[in-house]
Amino acid sequence: MKKITTSISALAVAGLIAVACNSSIPEGEATVSTEDVDISDLKVAYIVTDSVINNFVYFKEQSAAIAEKGKKYEGELTNRARGFEQEVQNFQNTANNMTVNQQRAKQEELVAKERNLVTYRENIMQELSADENKLYNEVYDMIQEYLNTYAAENDLEMILSYTRGGGVWYANESLDITNSVVKGINEDYEKGEAPAETAPAASEEESTEGE
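This one's a predicted model, so the numbers in the text were calculated from it and none came from an experiment.

Participant: Now, about the overall build of the protein: what can you tell me, with residues and values included?
Facilitator: From N to C terminus, the protein includes 6 helices and 2 strands. By residue count, 27% of the 211 residues in the protein fall in the buried class. Look at the contacts in the protein between residues 6 or more apart in sequence, and 86% of them connect residues 24 or more apart. Accessible area of the protein: about 14,300 Å², with a carbon and sulfur share of 49%.

What follows is the structure, given as structure tokens:
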């Protein structure tokens, strides 16, 4: 792996430190001394975070699995909704042939089924959202772990996250290690160095709980 020795300008880093020093610091807490680091030799790089995540094979595979799970649930929800609508239509067509008690009982049954349908929809949305959050947490942890090793191997003292609307508004492209990180983290994943897959789809019994 190519060793990176590019240094950030002393002026730019000094500006960042000046801003940090102007921030409110609780009385009695010690400030960080800048004398411990030679700013002119501070070796910094950055990654375009979204690009690393979106090009990470593990993320793409798991995202596809969650999307497929979502399509399955969407199909099940659509079928149930259609069945419910048909049952409502049948009731409307035959209500005149029922006694008042029969009509009331059927209406209560339909209300309960509608409530269960709404609950089912909310449950699967929460489940898919939880799967997505879990995946992002896993991916961030994996990237962090990889960057720790990458920084040590390339004698870097800081790796910044470059995202639109983030804290970094400009960075020289010579400091961009995005492609190198994507290549390396995918190679590690292909060697089997990845966490267990995200939680599998809930069983039909779990998904339909509350119906």
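Participant: So, the packing of helix α4 (residues 100-153) against helix α5 (residues 178-190): which residues are in play, and what are the values?
Facilitator: Here α4 crosses α5 at 110 degrees, and the two axes come no closer than 11 Å. The orientation of α4 relative to α5 falls into the category roughly perpendicular. Of the residues in α5, those touching α4 at Met142, Ile143, Tyr146, Leu147 and Tyr150 are Ser180, Val181, Gly184, Ile185 and Asp188.

Participant: Can you break down the nonpolar core residue by residue, with the values?
Facilitator: In this structure, Ile47, Phe56, Tyr58, Val139, Ile143, Ile177 and Val181 are the most contacted members of the largest nonpolar core, which totals 22 residues. Those elements that place two or more of their residues in this core are β1 (44-48), α2 (49-54), α3 (57-94), α4 and α5. When residues in this core are grouped by element, the largest group, 8 residues, is from α4. Discounting chain neighbours no more than four positions away, the residues touching Val181 are Ile47, Val52, Tyr146, Leu147 and Tyr150.

Participant: Run through the confidence of the model for the protein, naming residues and quoting values.
Facilitator: Chain-level statistics for the protein give a pLDDT mean of 79 and a share of 72% at 70 or above. For the protein, the element scoring lowest by mean pLDDT is helix α1 (residues 10-21), at 34; α2 scores highest, at 96. Note that residues 1-35 has pLDDT below 50 and, in this model, 34 contacts with residues that lie over four places away or in other chains. Below a pLDDT of 50 lies the segment residues 195-211, which in the model reaches 36 contacts outside its immediate sequence neighbourhood of four places, other chains included.

Participant: Explain the packing of aromatic side chains residue by residue, including any values.
Facilitator: According to the stated counting rule, one finds 6 aromatic pairs in the structure shown. Ring geometry for Phe56 versus Tyr189: centroids 6.1 Å apart, planes at 80 degrees, classification edge-to-face. Linking Phe56 in the loop between α2 and α3 with Tyr189 in helix α5, this pair joins segments that are 133 residues apart in sequence. Grouping residues by exposure puts Phe56 and Tyr189 together as buried. Through a chain of ring-to-ring contacts, three or more aromatic side chains come together here, namely Phe56, Tyr58 and Tyr189.

Participant: Hey, could you go over the pattern of salt bridges for me, with residue numbers and the actual values?
Facilitator: Throughout the structure, instances matching the rule amount to 9 salt bridges. Glu109 is paired through a salt bridge with Lys106; the nearest N and O atoms lie 3.6 Å apart. Here Lys106 and Glu109 lie together in helix α4, a separation of 3 residues that amounts to about one turn. We classify Glu109 as partly exposed; its relative accessible area is 34%. By relative accessible area, Lys106 is classed as buried at 18%. Overlapping salt bridges, with partners in common, bring together Glu87, Lys106, Glu109 and Lys113 in one network.

Analysis parameters
Residues numbered from 1 in each chain as written. Predicted model: local features only at pLDDT ≥ 70, side-chain atom pairs only at ≥ 80, totals over all residues. Heavy atoms only, no water. Helix = DSSP H or I, 4+ residues; strand = E, 2+ residues; numbered from the N terminus. Buried < 20%, exposed > 50% of the residue type's maximum accessible area, 1.4 Å probe, protein only. Contact = heavy atoms within 4.5 Å. Areas by Shrake-Rupley, 256 points an atom, 1.4 Å probe, with all protein chains shown as cover. Axes fitted to C-alpha atoms, helices over the stretch in contact; angles between N-to-C directions. Parallel < 35°, antiparallel > 145°, perpendicular 65-115°, else oblique. Core = buried A, V, L, I, M, F, W, Y, C linked by side-chain atoms within 4.5 Å. pLDDT = per-residue confidence, 0-100. Phe/Tyr/Trp six-rings, centres within 6.5 Å; stacked < 30°, edge-to-face > 60°. Salt bridge = Lys/Arg side-chain N within 4 Å of Asp/Glu carboxyl O.

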